[in-house]
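Now for the letters of each chain:
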Amino acid sequence: MTGPESEEPQVRRAVCPGSFDPITNGHLDIIARASSLYDEVYVAVMINQSKKGLFTIEERIDFIRQVTAEYGNIRVESFHGLLVDFCKQREIPAIVKGLRAVSDFDYELQMAQMNNGLSGVETLFIPTNPTYSFLSSSLVKEVATWGGDVAHLVPPLVLGPLTARLRGE
């Protein structure tokens, strides 16, 4: 058989990149929504060797794998270097990013244009659920450091290790 009928269907892939230190419910919202749009979603955990994270890369990957297991189409990997190289190596044509506010858009648009210019990889922006429009990993860590309740901002699996780590345990 020749023609379109004989071709294998194209697997639709995207990547959700970030540091995820720790993963928040805002991150999970974007990952879940991307998961419903793509056949495979890679969650790329960025390695920034100039920055000491609260959690190791391995811990972050483990948290993400556990809290996204129900989706069935999530792959979690670490990366360092250019995100577009990560995408090229895995034949990923799209980056999915959540936008919380207009201030995010300015920076993310520059990154999207650079990534597209370097490799042709497209960036798709998903507006963040209003419930999480203020949420960032940094803010979660700051609030938790001072004893604030962040239980509604992170997955239950992350809450215990987060508070223990911040108490120095």
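Everything below is about the structure printed above this text.
Computed from a prediction, not measured in an experiment: that's the story for all the values here. (Residues numbered from 1 in each chain as written. Predicted model: local features only at pLDDT ≥ 70, side-chain atom pairs only at ≥ 80, totals over all residues. Heavy atoms only, no water.)

A.B. asks: With reference to specific residues and values, describe the layout of surface pockets.
C.D. replies: In this model, the largest pocket occupies a volume close to 1,300 Å³. Forming the boundary of the largest pocket are 49 residues, of which Pro17, Gly18, Ser19, Met46 and Lys97 lie nearest the centre. Those elements that place two or more of their residues in the lining of the largest pocket are β1 (13–18), α1 (25–37), α2 (57–68), α3 (83–90), β4 (94–99), α4 (102–119) and α5 (137–145). Counting residues per element, the lining of the largest pocket draws most heavily on α4, which supplies nine residues. Partitioned by chemical class, the residues of the lining of the largest pocket number 22 nonpolar, 18 polar and nine charged. (1 Å grid on protein atoms, 1.4 Å probe; cavity = no way out; pocket = protein on both sides within 12 Å on 5 of 7 lines; lining within 4 Å. Points joined across faces, edges and corners; volume = space filled by probe spheres on them. Helix = DSSP H or I, 4+ residues; strand = E, 2+ residues; numbered from the N terminus. Nonpolar A, V, L, I, M, F, W, Y, C, P; charged D, E, K, R; others polar.)

A.B. asks: Can you break down a nonpolar patch on the surface residue by residue, with the values?
C.D. replies: Nonpolar side chains collect at one region of the surface, where Leu82, Met114 and Leu118 lie side by side and expose about 300 Å² of accessible area between them. Structurally, Leu118 can be placed in helix α4. For Leu118, a relative accessible area of 46% corresponds to the partly exposed category. (Patch = residues over 30% accessible without salt bridge, like charges linked within 9 Å, V, L, I, M, F, W, Y side chains within 5 Å. Areas by Shrake-Rupley, 256 points an atom, 1.4 Å probe, with all protein chains shown as cover. Salt bridge = Lys/Arg side-chain N within 4 Å of Asp/Glu carboxyl O. Buried < 20%, exposed > 50% of the residue type's maximum accessible area, 1.4 Å probe, protein only.)

A.B. asks: Requested: an account of the environment of Ile126, with residues and values cited.
C.D. replies: Mapping Ile126 onto the fold places it in strand β5 (residues 122–127). For Ile126, a relative accessible area of 10% puts it in the buried group. Residues Ile126 and Leu99, spaced 27 residues apart in sequence, show a C-alpha to C-alpha distance of 6.1 Å. When sequence neighbours within four positions are dropped, the list of residues in contact with Ile126 reads Ile30, Arg33, Ala34, Val96, Lys97, Gly98 and Leu99. (Contact = heavy atoms within 4.5 Å.)

A.B. asks: Could you give an account of the packing of aromatic side chains, with specific residues and numbers?
C.D. replies: Applying the stated rule across the entire model yields four aromatic pairs. On the numbers, 5.8 Å between centres and 70° between planes, the contact of Phe105 with Phe125 is edge-to-face. With Phe105 in helix α4 and Phe125 in strand β5, the pair connects residues that are 20 residues apart, well separated along the chain. Note that Arg90 overlies the ring of Phe86, its terminal NZ or CZ placed 3.8 Å from the centroid. (Phe/Tyr/Trp six-rings, centres within 6.5 Å; stacked < 30°, edge-to-face > 60°. Lys NZ or Arg CZ within 6 Å of the ring centre and 35° of its normal.)

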